[in-house]
Structure formats: structure tokens, C-alpha cells
Amino acid sequence: MGAGLGAQLVGYYGEVSDLVYFGATGAVAILLGVFIAAATPWIRRRAGGLA
């Protein structure tokens, strides 16, 4: 999935400045990390005895 997203995003690399491209990519990564961290208790409850 990550490789597919990267392949789609690379098309925008030349159209916008480096700051915008890498800033947006970093912001999305941080937001996803915060979401996953916040959802961890719910995920653990739903996983039950898998771990």
C-alpha cells in the first residue's frame, strides 16, 4: 500500500515546491500516527485474544 501511495504522489513532485510536497507528506504521516495511537485501545479490545 505504501509503494502504491508513493507512486501516486511522485507525480506531484515537480508541480509543487519541495517544502509543500514534503511538508504535506510529513503532515499526513504525523496525522496517521496520531490516529493510530488514539485508536490503539479500541484496536486492542477488538483484537481480543489474538495477541
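Placed above this text is the structure.
The sections below set out a description of the structure shown in this document. (Residues numbered from 1 in each chain as written. Predicted model: local features only at pLDDT ≥ 70, side-chain atom pairs only at ≥ 80, totals over all residues. Heavy atoms only, no water.)

Description of the overall build of the protein chain
Moving on, step 1. Along the protein chain, the regular secondary structure elements total two helices and zero strands.
Moving on, step 2. In terms of overall size, the protein chain is more extended than a compact globule, its C-alpha atoms giving a radius of gyration of 16 Å where 51 residues would be expected to give roughly 10 Å.
Moving on, step 3. Seen through its C-alpha atoms, the protein chain measures out along the principal axes to roughly 45 × 20 × 10 Å.
Moving on, step 4. Taken over 51 residues, the protein chain has a buried fraction of 4%.
Moving on, step 5. Total accessible area on the protein chain stands at roughly 4,500 Å², and carbon and sulfur atoms take up 73% of it. (Helix = DSSP H or I, 4+ residues; strand = E, 2+ residues; numbered from the N terminus. Rg over C-alpha atoms; globule rule 2.2 N^0.38 Å. Buried < 20%, exposed > 50% of the residue type's maximum accessible area, 1.4 Å probe, protein only. Areas by Shrake-Rupley, 256 points an atom, 1.4 Å probe, with all protein chains shown as cover.)

Overview of a nonpolar patch on the surface
Moving on, step 1. A cluster of nonpolar side chains, namely Leu9, Tyr12, Val16 and Val20, defines an oily patch on the protein surface of about 350 Å² accessible area.
Moving on, step 2. Its place among the elements puts Val20 in helix α2 (residues 18-47). (Patch = residues over 30% accessible without salt bridge, like charges linked within 9 Å, V, L, I, M, F, W, Y side chains within 5 Å. Salt bridge = Lys/Arg side-chain N within 4 Å of Asp/Glu carboxyl O.)

Some remarks on the environment of Gly49
Moving on, step 1. Turning to its location among the elements, Gly49 is positioned in the segment after α2.
Moving on, step 2. Between the C-alpha atom of Gly49 and that of Ser17, which follows or precedes it by 32 residues, the distance is 47 Å.

Here we look at the environment of Gly33
Moving on, step 1. Along the polypeptide, Gly33 turns up in helix α2.
Moving on, step 2. Considering only alpha carbons, one finds Gly33 and Leu50, 17 residues apart in sequence, at a separation of 22 Å.

Considering α2
Moving on, step 1. Along α2, the helix axis deviates most sharply at Thr40, where the bend reaches about 50°; the proline Pro41 sits within four residues downstream.
Moving on, step 2. Immediately beyond the C-terminal end of α2, within one or two residues, lies Gly48, with a positive phi of roughly 60°. (Bend = angle between axes of the 7 residues up to and from the residue.)

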